[in-house]
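Residue-level structure breakdown
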Amino acid sequence: MEIANMARILQPILVCELRFRTESPAATCDGTMWLLPVETQPSGDSTGTTTWRIWILSTRLGELDLHPENESLLRSGGVCSKSEERIETDVFIVGGGNAAMALAARLKALKVRSVMADRNASVGDNWARRYDCMKFHIPTSFCELPYLRYPSELQNRLLTRNDLSTQIRRYAQTFRLDIINSVEIVQTTLDKDGRWNIRFQTPDGMSTAIARHLVQATGIGSQKPYLPPMLKYQAFRGTSIHSSQYRNAKELKDRGVKTVCIIGSANTAFDVLEDCHAAGLQATMVARSPTYMVPLDYVCDDRSLGAYNHGVEKADRLFMMLPTIVDSQLGRELFSQLASMEPDRYSNLCEIGFPIFDSRHPDASLMHNLIERGGGHYVDTGATALLAEKKVDFVVGVEPKAYTPNGIELSDERTLDADAVVWCTGFADKDVRQTVADILKISLPVDATWGVNEEGEVRGLWRRHLYVDNYWVMGGYTQQHRWYSRLLAHQIKAELEGILPAAYRDVPLVVPACEA
């Protein structure tokens, strides 16, 4: 029986919170136990009984006795001069976005020295350089970083790129986190003492960082734009850009663009479609496959991410103590129930022939799209109305095949004229095995990342790698930055203090039932 169906049928679920200690390492811990009632059938003279069985037992490290988190350390001064030719630190973090910042702050609260190195010229550029109309499609409370909330005026609206970049700058300044910008890594080596040596170039010259731990926090699915293969590339006389190069429709309009073709039909594509229409451009969307439509109000429902509006820590315990695959299926069941209450919500799109499916569909799983597919959905913030009201054009079920002088040729032999083509086709680097050599300038036998492993958990992030010691990957989405930065910081602290237990390597294929 699927877990989502089990959760619906076997009600109620009993949830118990646990507190316990470990001796090696000495630490306080907590956990959550989910129990389900199991009915036994009556037989003979005996009546049926109900027993409670453990469905999920989830535990986590709370605090290491040798050094609990100390937030007062966050206001202390940094240790790194950006003009130093040699920098010695406990942890060298490659990246300067939300994931890197969250980890750097957690480490500082544990009295662990870290230095971030970012390729961008300024703190916050990871968001500031995104397209102008970019916005999050999730509640602000879901996006909080450790120790510092977004301002109250941002709590009840969708965060824009400016909001995000401003908060990252505020975060780094408030906690005096060490970051070096405009970094290009030239070489990474591992010396005989097990220390990482990273040589990097900045506008100030060449420097070398020596660190016990190396963290790659350069983003998941954000480094290598994916462009489908196209014939006759040189034939096109217009503008062709990936969404990572897109800034705004006004910029296209200033170049003389009047018609634009948008390849893709997920979140970014709808953002660009809305922006181009608002600027007065004639826009056409090419939907190569059906789009999973998720209304924003489903995402913000109090039983979903809206729970974060009632307390971030409480909601984190609710969601993050669940195995990822269980959280995914419970979310799918909730969205399916919501969609079943309004089956005609997207009937207007179906009537005009735009291919979509809603949360009633068996393939509808938002977390699957995020963690395994890396897209293919639209959290509907309103742009679907442009299609329904026929304010923009679309073609469906075809692939771009080749360029023509005036646009593109499609796989059904039709042509589509456009002054500009914007490729909202995602990225091709969800796995760090595809990026580690390019970014760190060293070939490492790192584990696969993203997707899920045999236990239904995210692969390769926030944990030790099988064949590379003291190398870590920090990434994911904002909720994961907040939650797993603590786990990763504690692992690094324990290793530096010589109390990190041996890594758990064996994955059980069958987990025996356990009675409460």
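Residue numbers here run from 1 along each chain, matching the order of that chain's written sequence. Only residues with pLDDT of at least 70 get local features here, since the model is predicted, and only at 80 or more are side-chain atom pairs given and counted; chain-wide, interface and lining totals rely on the full set of residues. Each side-chain value is worked out from all heavy atoms of the structure, with water and hydrogens disregarded.

1. Quick look at the overall build of the protein chain
The helix and strand labels rest on DSSP assignments: H or I over at least four residues marks a helix, E over at least two residues marks a strand, and numbering proceeds from the N terminus. If you tally the helices and strands in the protein chain, you get 14 helices and 22 strands. Using C-alpha atoms as the atom set, the radius of gyration is obtained and then compared with a globule rule of 2.2 Å times the number of residues to the power 0.38. Rg of the C-alpha trace for the protein chain: 25 Å, near the compact-globule value of 24 Å for 516 residues, within the 12% margin. Considering only C-alpha atoms, the protein chain reaches an extent of 80 × 70 × 45 Å along its principal axes. Each residue is assigned to one of three classes by its accessible area relative to the maximum for its type, calculated with a 1.4 Å probe on protein chains only: buried under 20%, partly exposed between the two thresholds, exposed over 50%. Counting over 516 residues, the protein chain shows a buried share of 52%. Contacts in the protein chain between residues at least 24 apart in sequence constitute 67% of all its contacts with a sequence separation of at least 6. Under the convention used here, a 1.4 Å probe and the Shrake-Rupley method define accessible areas, while residue burial counts only the protein chains that appear. Looking at the protein chain as shown, the accessible area adds up to about 24000 Å², and 50% of this sits on carbon and sulfur atoms. In the protein chain, 56 positive and 64 negative side-chain charges are present, and the distance between their average locations comes to 5 Å. It only takes one pair of heavy atoms within 4.5 Å for two residues to be counted as in contact. Note on charges: Lys and Arg go in the positive column, Asp and Glu in the negative column, and His and the chain ends are not counted at all. Just so you know, the charge point we use is NZ for Lys, CZ for Arg, CG for Asp and CD for Glu.

2. Re the packing of aromatic side chains
In this analysis, rings of Phe, Tyr and Trp, with Trp reduced to its six-membered ring, are considered paired at centre separations within 6.5 Å, and the interplanar angle assigns stacked below 30 degrees, edge-to-face beyond 60, and tilted for intermediate values. Tallied over the full model, the rule gives 19 aromatic pairs. Aromatic pair Tyr 403 and Trp 423: ring centres 6.4 Å apart, planes at 75°, arrangement edge-to-face. Taken as a pair, Tyr 403 in strand 17 (residues 400–404) and Trp 423 in strand 20 (residues 420–423) lie far apart in primary sequence, 20 residues in all. Given a relative accessible area of 2%, Trp 423 falls into the buried group. Aromatic side chains Trp 450 and Tyr 477 sit 6.4 Å apart centroid to centroid with 80° between the ring planes, which places their arrangement in the edge-to-face category. Here Tyr 477 lies in the loop between strand 21 (471–473) and helix 14 (478–496) and Trp 450 lies in the loop between helix 13 (436–440) and strand 21, a separation of 27 residues in the sequence.

3. Here we look at empty space enclosed by the protein
Detection works on a 1 Å grid of protein atoms alone, calling trapped sets that fit a 1.4 Å probe cavities and calling open sets with protein on both sides within 12 Å along at least five of seven lines pockets, with lining residues defined by an atom within 4 Å of a point. Grid points are joined across faces, edges and corners, and a volume is the space filled by probe spheres set on the points. Counted according to the given criterion, the structure contains two cavities of 30 Å³ or more. If you go around the largest cavity, the residues you meet are Phe 319, Met 320, Leu 322, Thr 324, Asp 327, Met 367, Ile 371, Glu 457, Tyr 477, Gln 479, Gln 480 and Tyr 484. Looking at the lining of the largest cavity, the elements with two or more residues in it are helix 8 (312–320), helix 9 (324–340), helix 11 (366–373) and helix 14. Element by element, the count of residues in the lining of the largest cavity is highest for helix 14, at three residues. When the residues that make up the lining of the largest cavity are grouped by side-chain class, the tally is seven nonpolar, three polar and two charged. By volume, the second largest cavity amounts to about 30 Å³. What lines the second largest cavity is Gln 216, Ala 217, Thr 218, Gly 219, Ile 220, Val 432, Val 473, Met 474 and Gly 475. Looking at the lining of the second largest cavity residue by residue, the classes come out as five nonpolar, four polar and no charged. The classification used treats Ala, Val, Leu, Ile, Met, Phe, Trp, Tyr, Cys and Pro as nonpolar, Asp, Glu, Lys and Arg as charged, and all other residues, Gly among them, as polar.

4. Some details on the environment of Asn 267
Within the element layout of this structure, Asn 267 appears in helix 6 (residues 267–278). In this structure, the C-alpha to C-alpha distance between Asn 267 and Phe 427, residues 160 residues apart in sequence, is 13 Å. With residues up to four places along the chain from it excluded, the contact list for Asn 267 reads His 137, His 377, Tyr 378 and Val 379.

5. Some details on the sheet that holds strand 12 (residues 282–287)
Strand pairing follows a simple DSSP-based rule, namely that at least 2 bridges must link the two strands. Ordered in space as 10-20-11-12-16, the five strands form an open sheet in which the pairing is parallel. Every other strand in the sheet has two partners, leaving strand 10 (239–242) and strand 16 (393–396) as the edge strands with one partner each. Here the average twist between neighbouring strands, direction ignored, is 20°. For every element, the axis is a line fit to its C-alpha atoms; helices are fit only across the contacting stretch, and the angle between N-to-C directions ranges from 0 to 180 degrees.

6. Some words on the confidence of the model for the protein chain
pLDDT measures the predictor's confidence residue by residue and takes values from 0 up to 100. Averaged over all residues, the pLDDT of the protein chain is 92; the fraction at 70 or higher stands at 94%. pLDDT under 50 marks residues 1–10. Its contacts with residues more than four places away, or in other chains, come to 18 contacts. The low-confidence segment residues 511–516, where pLDDT is below 50, has eight contacts with residues more than four positions distant or belonging to other chains.

7. Re the pairing of strand 15 (residues 377–380)
Burial along strand 15 is two-sided: the residues His 377 and Val 379 and Tyr 378 and Asp 380 are all buried. Pairing between strand 13 (residues 291–295) and strand 15: four bridges, direction parallel. Bridging from a neighbouring strand, Tyr 292 pairs with His 377 of strand 15.

8. Considerations on helix 11
Taken residue by residue, helix 11 has Leu 366, Met 367, Asn 369 and Ile 371 as its buried positions. Residues of helix 11 that are buried in the fold lie against strand 13, helix 9, strand 15 and helix 14. At the exit of helix 11 stands Gly 374, carrying a positive phi of roughly 80°.

9. What about the sheet that holds strand 13?
Taken in spatial order, the three strands of this open sheet run 14-13-15, and their pairing is parallel. Because the sheet does not close on itself, it has two edges, and the strands there are strand 14 (356–357) and strand 15.

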